[in-house]
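Here is how the chains run, residue by residue.
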Amino acid sequence: MEKARPASLAPLETVRVTNPGGSSPFVLTCDHASNFLPAEFGTLGLSVEDLSRHIAWDPGALPVANRMADALDATLVETRISRLVIDCNRPLEAPDLVPPVSETTAIPGNAGLSERQRAARVDLAWRPFHDTVAQIIEQRLARGQETRLVSVHSFTPVYKGKNRPWHIGIIHDDDRRLAAPLISALQRLAGVTVGVNEPYSPADRVYFTLERHARSRGLACAMIEIRNDEISGETGQRKWADLLTGIFSNLEPEEARGSRQRVMGKSVQSAS
């Protein structure tokens, strides 16, 4: 049974905004920025080692996003609670909104939750995150500020025994205005293997934040996935943040295409 949430974990503290008045057209989100578990959840029945793994967060993603936001003068919105408590990059009806299993690891503390317990988790982190993103975008649009939404994630080098060769993946749906020039710029880099809708695609239910806040408003958007062994330390984090900053500094979205392009469906995977 979950205990009552202490006042120190008020919902407004489960999301953090860096540089809310940023001049850049880019707004960055880091949906899986933290592996922090509030005290009332204990360890969800997991070991300390499990809580450091990708199942609990996207290692390396936040330092990259922070450095990009600083260099670009962009706004960054991050979650501050582990996605094991609730995954802010999932719709409310998603079966893995509160994951009973992540990859191949059972999450004992997520088993058999009541509707009231699930609703409390939504109110704790999911709703504040999405309300904050929406508020920032609406304020920018109201003052006529161009806005493009980019989410920053990381992925594992191996998933269920399958090696993933991509150093970075760019995820997009039918709207390729931002993804296409970003992919082209990355593909020109020597020694970089770029995944296009790899290792995930919107068919894997990983595109929710962008669908909710960018696609619904007709804003250009893209999702960045960096292989987490590339950004496990400060050197790699700096390398990829600086590389992406250089690309984004000169990146202009393509014009919307007249014909919509279908994203190829893939088998659903459990983490992003």
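Before any of the text, the structure's been laid out above.
The structure displayed is predicted, hence computed values, not measured ones.

K.L.:
How should the sheet that holds strand E3 (residues 75–79) be read in this particular structure?
P.N.:
Hydrogen bonding along the main chain pairs the strands of a sheet, whether they run parallel or antiparallel. Taken in spatial order, the seven strands line up as E1-E3-E2-E6-E11-E9-E10 in an open sheet, and their pairing is mixed. Pairing within the sheet leaves two strands with one partner each, and these edge strands are strand E1 (15–18) and strand E10 (194–196). For this sheet, the mean angle separating the axes of adjacent strands, direction not counted, is 20°. Pairing analysis gives three bridges linking strand E9 (residues 168–171) to E10, with the strands arranged parallel. When the sheet's bridge partners are listed, Gly169 is paired in E10 with Gly195. Strand contacts of helix H6 (residues 234–249): strand E2 (26–30), strand E6 (148–155), E9 and strand E11 (221–227), with the helix running at about 155° to E11, the strand carrying the most contacts.

K.L.:
Got a minute to help me understand the pattern of salt bridges in this structure?
P.N.:
Opposite charge on two side chains allows them to pair when their charged atoms are near. In the structure shown here, the tally under the stated rule is 19 salt bridges. Arg215 is paired through a salt bridge with Asp175; the nearest N and O atoms lie 3.7 Å apart. With Arg215 in the loop between helix H5 (208–213) and E11 and Asp175 in the loop between E9 and helix H4 (179–187), this residue pair connects regions lying 40 residues apart in the sequence. A residue is classified by how much of its surface remains accessible, and Asp175, at 11% relative accessible area, is buried. A cluster of three or more residues bridged by salt bridges with shared partners is formed by Asp87, Arg90, Asp96 and Arg205.

K.L.:
Mind showing me how you'd approach the nonpolar core here?
P.N.:
Proteins that are soluble and globular tend to have nonpolar side chains buried together. Counting residues in each nonpolar core, the largest one holds 41 residues, and the members touching the most others are Leu84, Val85, Ile86, Leu97, Trp126 and Leu149. Contributions of two or more residues to this core are made by helix H3 (115–142), E6, H5 and E11. Element by element, the count of residues in this core is highest for H3, at eight residues. Ignoring any residue separated from it by four or fewer positions in sequence, one finds Val85 in contact with Leu37, Pro38, Phe41, Leu44, Val98, Arg121 and Leu124.

K.L.:
Before we go on, may I ask you to explain helix H2 (residues 61–72) in this structure?
P.N.:
Because the α-helix completes a turn every 3.6 residues, residues three or four places apart line up on one side. Over its 12 residues, H2 extends 16 Å from the first C-alpha to the last, a length consistent with the 16 Å expected when each residue adds 1.5 Å. All of the buried residues in H2 are Ala61, Leu62, Val64, Ala65, Met68, Ala69 and Leu72. Down the axis of H2, the buried set is contained in an arc of 160°. They therefore lie on one face. In H2, the exposed residues that point more than 90 degrees away from the buried face are Asp70 and Ala71. Elements in contact with the buried residues of H2: E2, E3, E6, E11 and H6.

K.L.:
I would appreciate a short explanation of the side chain of Asp175 in the present structure.
P.N.:
Engagement of the side chain of Asp175 in a polar contact is seen with the side chain of Arg177, the distance being 2.6 Å. Ignoring any residue separated from it by four or fewer positions in sequence, one finds Asp175 in contact with Arg215 and Leu219.

K.L.:
Is there a simple way to think about the pairing of E3 in this case?
P.N.:
Two faces make up the sheet, and in a regular strand the side chains alternate between them. The element E3 is extensively covered by neighbouring structure, given that five of its five residues are classed as buried. Looking at chain direction, E1 and E3 are connected through four bridges and run antiparallel. If you follow Arg16 over to E3, its bridge partner there is Glu78. Relative to E3, E2 runs parallel, the two being bridged by four bridges. Looking across to E3, one finds that Val27 is bridged to Thr75.

K.L.:
Got a minute to help me understand the environment of Ile231 in this structure?
P.N.:
If you trace the backbone, Ile231 turns up in the loop between E11 and H6. Accessibility expressed as a relative area gives 1% for Ile231, which makes it buried. Once you skip the residues sitting within four places of it in the chain, Ile231 turns out to touch Pro59, Gly60, Ala61, Val64, Ser154, Ile226, Gly236, Gln237 and Trp240.

K.L.:
Honestly, H4 in this entry has me stumped. Any pointers?
P.N.:
Counting buried positions over the nine residues of H4 gives seven, a clear majority of the element. Among all positions in H4, only Ala179, Ala180, Pro181, Leu182, Ile183, Ala185 and Leu186 are buried. Structurally, H4 contributes buried residues whose contacts are with E9, E10, E11 and H6.

K.L.:
What is the right way to read the packing of H2 against H6 from this model?
P.N.:
Packed helix pairs are specified by the crossing angle of their axes together with the interaxial distance, meaning the distance between the axes. Look at H2 against H6: their axes get within 9 Å of each other, and the N-to-C directions meet at 40°. Taken as axis vectors, H2 and H6 run oblique relative to one another. Every pair of crossing elements has a handedness; the one defined by H2 and H6 is right-handed. Between H2 and H6, the residues in contact are Pro63, Val64, Arg67, Met68, Ala71 and Leu72 and Gln237, Arg238, Ala241, Asp242, Leu244, Thr245, Phe248 and Ser249, respectively. Class assignment for the residues of the contact of H2 with H6 results in eight nonpolar, three polar and three charged.

Conventions we followed
- Residues numbered from 1 in each chain as written.
- Predicted model: local features only at pLDDT ≥ 70, side-chain atom pairs only at ≥ 80, totals over all residues.
- Heavy atoms only, no water.
- Pairing = 2+ DSSP bridges.
- Helix = DSSP H or I, 4+ residues; strand = E, 2+ residues; numbered from the N terminus.
- Axes fitted to C-alpha atoms, helices over the stretch in contact; angles between N-to-C directions.
- Contact = heavy atoms within 4.5 Å.
- Salt bridge = Lys/Arg side-chain N within 4 Å of Asp/Glu carboxyl O.
- Buried < 20%, exposed > 50% of the residue type's maximum accessible area, 1.4 Å probe, protein only.
- Core = buried A, V, L, I, M, F, W, Y, C linked by side-chain atoms within 4.5 Å.
- Expected span 1.5 Å × (residues − 1).
- Arc of directions from axis to C-beta.
- Polar contact = N/O pair within 3.5 Å; in protein donor to acceptor, adjacent residues only side chain to side chain.
- Parallel < 35°, antiparallel > 145°, perpendicular 65-115°, else oblique.
- Left-handed = near helix turned anticlockwise from the far one by under 90°.
- Nonpolar A, V, L, I, M, F, W, Y, C, P; charged D, E, K, R; others polar.

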